[in-house]
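Examining the three-dimensional arrangement
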Amino acid sequence: MKIIKKINELKKIRKSINGSAGFVPTMGYLHEGHLALVKKSISENEVTFVSIFVNPAQFGPDEDFQKYPRNFDKDCNKLKELGCDFVFWPVEDEIYHNQKVFINIKEYSDVLCGEKRPGHFQGVLTVVAKLFNIVEPDTAYFGQKDYQQLLIIKKLVKDLNFNINIKSGRTIREKDGLAMSSRNKLLNKEERKHATLLFKLGKYVCNEYRNGMSFSEIQKKIKNFLKQNMDTNIMKVDYIEIKNENNLSHEDFLNPDSRLFLAFFCGKTRLIDNFKLSEENF
Ligand code: AMP
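Residues numbered from 1 in each chain as written. Predicted model: local features only at pLDDT ≥ 70, side-chain atom pairs only at ≥ 80, totals over all residues. Heavy atoms only, no water.

From N to C terminus, the protein includes 10 helices and nine strands. Here the protein has a C-alpha radius of gyration of 19 Å; the compact-globule value for 282 residues is 19 Å, and the two agree. Each principal axis of the C-alpha atoms in the protein carries an extent, and together these give about 60 × 40 × 35 Å. Looking at the protein residue by residue over its 282 residues, the buried ones come to 55%. The long-range share in the protein, meaning contacts at least 24 apart out of those at least 6 apart in sequence, stands at 73%. Taken as a whole, the protein presents about 14,300 Å² of accessible surface, with 46% of it coming from carbon and sulfur. Counting 45 positive and 37 negative side-chain charges, the protein places the centres of these two groups 2 Å from one another. (Helix = DSSP H or I, 4+ residues; strand = E, 2+ residues; numbered from the N terminus. Rg over C-alpha atoms; globule rule 2.2 N^0.38 Å. Buried < 20%, exposed > 50% of the residue type's maximum accessible area, 1.4 Å probe, protein only. Contact = heavy atoms within 4.5 Å. Areas by Shrake-Rupley, 256 points an atom, 1.4 Å probe, with all protein chains shown as cover. Lys, Arg positive; Asp, Glu negative; His and termini not counted. Charge placed at Lys NZ, Arg CZ, Asp CG, Glu CD.)

Taking 1.5 Å as the rise per residue, helix α7 (residues 147–159) with 13 residues should run 18 Å; its terminal C-alpha atoms sit 19 Å apart, in good agreement. Taking burial as the measure, the 13 residues of α7 include 10 buried ones, the bulk of the element. For α7, every residue scored as buried is listed here: Y147, Q148, Q149, L150, L151, I152, I153, K155, L156 and V157. Of the surrounding secondary structure, the elements contacted by the buried residues of α7 are α5 (112–116), α6 (120–135), β5 (139–143), β6 (165–169), β8 (258–266) and β9 (269–276). At the C-terminal side of α7, N161 shows a positive phi close to 55 degrees. (Expected span 1.5 Å × (residues − 1).)

Let us now look at the pattern of salt bridges. Applying the stated criterion to the full structure yields 17 salt bridges. A salt bridge links K167 to E44, with the shortest nitrogen-to-oxygen separation between them at 3.1 Å. Of the two residues, K167 sits in strand β6 while E44 sits in helix α2 (residues 32–44), which places them 123 residues apart along the sequence. Of the residues examined, K167 reaches a relative accessible area of 29% and is grouped as partly exposed. Between E245 and R259 there is a salt bridge whose closest N-O contact spans 2.9 Å. With E245 in the loop between β7 (235–244) and β8 and R259 in strand β8, the pair connects residues that are 14 residues apart, well separated along the chain. (Salt bridge = Lys/Arg side-chain N within 4 Å of Asp/Glu carboxyl O.)

Moving on, we get to the packing of aromatic side chains. Aromatic ring pairs are defined here through the distance separating the ring centres and the angle between the ring planes. Per the counting criterion, the structure on display carries 11 aromatic pairs. Here F132 and F162 contribute two aromatic rings whose centre-to-centre distance is 5.6 Å and whose plane-to-plane angle is 75 degrees, an arrangement assigned as edge-to-face. Of this pair, F132 sits in helix α6 while F162 sits in the loop between α7 and β6, and the two are 30 residues apart along the sequence. The class of F132 is buried, set by a relative accessible area of 1%. Taken together, F23, F132, F142 and F162 form an aromatic cluster joined through their ring pairs. Note that R70 overlies the ring of F65, its terminal NZ or CZ placed 5.0 Å from the centroid. (Phe/Tyr/Trp six-rings, centres within 6.5 Å; stacked < 30°, edge-to-face > 60°. Lys NZ or Arg CZ within 6 Å of the ring centre and 35° of its normal.)

Looking now at the nonpolar core. One recurring pattern in soluble globular proteins: nonpolar side chains tend to sit buried together. Membership of the largest hydrophobic core comes to 46 residues, with the highest contact counts inside it found for F49, F88, V128, F132, F142 and I166. Among the elements that take part in this core, α6 stands out by supplying 10 residues, more than any other. If you look at the next biggest cluster of nonpolar residues, it comprises 27 residues, including L187, A195, Y209 and M230. (Core = buried A, V, L, I, M, F, W, Y, C linked by side-chain atoms within 4.5 Å.)

Bringing the layout of surface pockets into the picture now. Taking a probe equal in size to a water molecule and rolling it over the atoms shows the remaining empty space. Here the second largest pocket defines a volume of roughly 280 Å³. What lines the second largest pocket is a set of 14 residues, among which D62, E63, D64, F265 and R270 lie closest to the centre. (1 Å grid on protein atoms, 1.4 Å probe; cavity = no way out; pocket = protein on both sides within 12 Å on 5 of 7 lines; lining within 4 Å. Points joined across faces, edges and corners; volume = space filled by probe spheres on them.)

Where helix α1 (residues 7–15) is concerned, the buried positions are I7, L10, I13 and R14. With its buried residues spanning 125 degrees around the axis, α1 presents them on a single face. Along α1, exposed side chains directed more than 90 degrees from the buried face belong to N8, K12 and K15. Next to the buried residues of α1 lie β1 (2–4), β2 (21–26), β3 (47–52), β4 (86–88), α4 (92–96) and α6. (Arc of directions from axis to C-beta.)

Function cannot be read off these values alone, since they describe shape.
Structure representation (structure tokens):
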């Protein structure tokens, strides 16, 4: 496995590759959610590139960029073991030196995480577009854990005519249901225990949907569920929304395209998750 730190070096290597190239962009501190995407890429392509770059442009001024977990050596060991071919590990200046152009999307980015984290998707779109131009993959892999991000990247590829196939992987969870995330490392013992609230709520809402509950009934049930199950000293709601999974629009009636989107603060750590109501997520 080769570690590449410079854009020019990566471009040179890319030119010499004839077969298909898969690409998994990450911010590192890799867990089984990332690795499932890497495995998929390895099984479907001749070569696989993984990028590890904690992208400052997608963090707000009061967010956790500084304390975002990092462990490059451990990440490399995991990737080597899977048979990953190339790791792109640039420093910030290599990516953003004198950068003046940033990419924005109106649609989808004024709701959910876009609304709560102003500038976040501009940072994501800009770095992903740059990485796509650097790596020039045939296929890039993204997790459904960040469902809004996945939709936005599909739109980026379509609207800016990237010749890249976008594939997604399902959300990988811990044994108790908590969606795997590098940020879980930031939780203390007590917070970690309470973090399963997102999964429990997701499971509960999906069950109620299958029982035929209406939108307004489910909203009441969610309120009651939180009253009974949420320790407000530890957990705080950022948003709880049910939206159409194809365009993130609000709908008054639940239907097979309805998806529950959750964002909570657990202590100071922000956790997100999502659940397709009509699907067995568990
Ligand atoms: P990140 O390092 O958090 O930027 O994530 C890199 C990629 O891994 C993104 O496409 C995420 O959606 C995906 N990912 C992160 N956590 C999970 C998970 N628990 N299950 C599946 N994919 C994930």
